[in-house]
Amino acid sequence: MRRFNAVYRLCFVSVFAALYLILAKLTIHIGSAHLSFASLCPIFLVTAVSFPDGRRSVFIGQILGEIIGGTLTLTTPLWILPPILRIFLIGIVAVYYRKKGDTIFSHLFVYFFVILTAGIITSLANTGVEYLDALIRGYPFTYVFLQRLKRIGISLLTSIVISIRNLPLSKAYLRFSKQDNSNRKQKLTKGLKKTEKNISEN
């Protein structure tokens, strides 16, 4: 049973990692910056499903993106850190409410604030990574820094769109999940009653 659950979990995360990769490629270009909705997949997982699933999906998706794009370099591990940082920041708050038997969606101000803040911090982390990348690979950082300032605004816009889009998806999943669990409990209860009846008759 544990082996089946592990395989199921791996397949589940892999599907979202593949979606993450596809959405990362489908970007809207705004000048030198680009608008990407790739983070919708891990944000959905970390807010509605589980923190580990969200973390794994973004990690696998980023690695696959680097491999397929042929951009694997010495600084690749650094470029993976900012997206994971975003999921970590959102995940901490989502897990906090989950442990209280609540969801982050019940607190909309907190929900939007955390996702927007995580987006800004991720953009700043990307700036730091670009600086280190410039030092390691030897290209001028000044132009990159000016471009990154523009991208912070794009990052805010992306975070707003993703947080709004994630709400109905996550709520629908949670509703379906509760209904599925309820059906399972009913089937289990019926099965137990049937077993008890057969035992008593024998």
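Structure: above.
Anyway, here's the lowdown on the structure attached to this text. (Residues numbered from 1 in each chain as written. Predicted model: local features only at pLDDT ≥ 70, side-chain atom pairs only at ≥ 80, totals over all residues. Heavy atoms only, no water.)

On a plain count of helices and strands, the protein chain comes out with 6 helices and 2 strands. In sequence order, the secondary structure elements of the protein chain are arranged as α-β-β-α-α-α-α-α. Every one of the 202 residues in the protein chain was classed for burial, and the buried ones make up 36%. In the structure as shown, the protein chain presents an accessible area of about 12,500 Å², 68% of it carried by carbon and sulfur atoms. (Helix = DSSP H or I, 4+ residues; strand = E, 2+ residues; numbered from the N terminus. Buried < 20%, exposed > 50% of the residue type's maximum accessible area, 1.4 Å probe, protein only. Areas by Shrake-Rupley, 256 points an atom, 1.4 Å probe, with all protein chains shown as cover.)

Following the criterion strictly, the structure yields 1 salt bridge and no others. Taking the shortest distance from any N to any O, the salt bridge between arginine 56 and aspartate 53 comes out at 3.5 Å. Of the two residues, arginine 56 and aspartate 53 are both situated in helix H3 (residues 51-69); the distance of 3 residues between them amounts to about one turn of the helix. (Salt bridge = Lys/Arg side-chain N within 4 Å of Asp/Glu carboxyl O.)

Viewed as axis vectors pointing N to C, helix H2 (residues 40-49) and helix H4 (residues 76-99) meet at an angle of 15 degrees, and their least axial separation amounts to 8 Å. In this view, H2 runs roughly parallel relative to H4, as classed from their interaxial angle. Like other packed secondary-structure pairs, H2 and H4 cross with a definite hand, here right-handed. Residues Pro42, Ile43, Val46, Thr47, Ala48 and Val49 of H2 form the contact with H4, whose own contacting residues are Arg86, Ile87, Ile90, Gly91, Ala94 and Arg98. Here the contact of H2 with H4 is built from residues that sort into 8 nonpolar, 2 polar and 2 charged. (Axes fitted to C-alpha atoms, helices over the stretch in contact; angles between N-to-C directions. Parallel < 35°, antiparallel > 145°, perpendicular 65-115°, else oblique. Left-handed = near helix turned anticlockwise from the far one by under 90°. Contact = heavy atoms within 4.5 Å. Nonpolar A, V, L, I, M, F, W, Y, C, P; charged D, E, K, R; others polar.)

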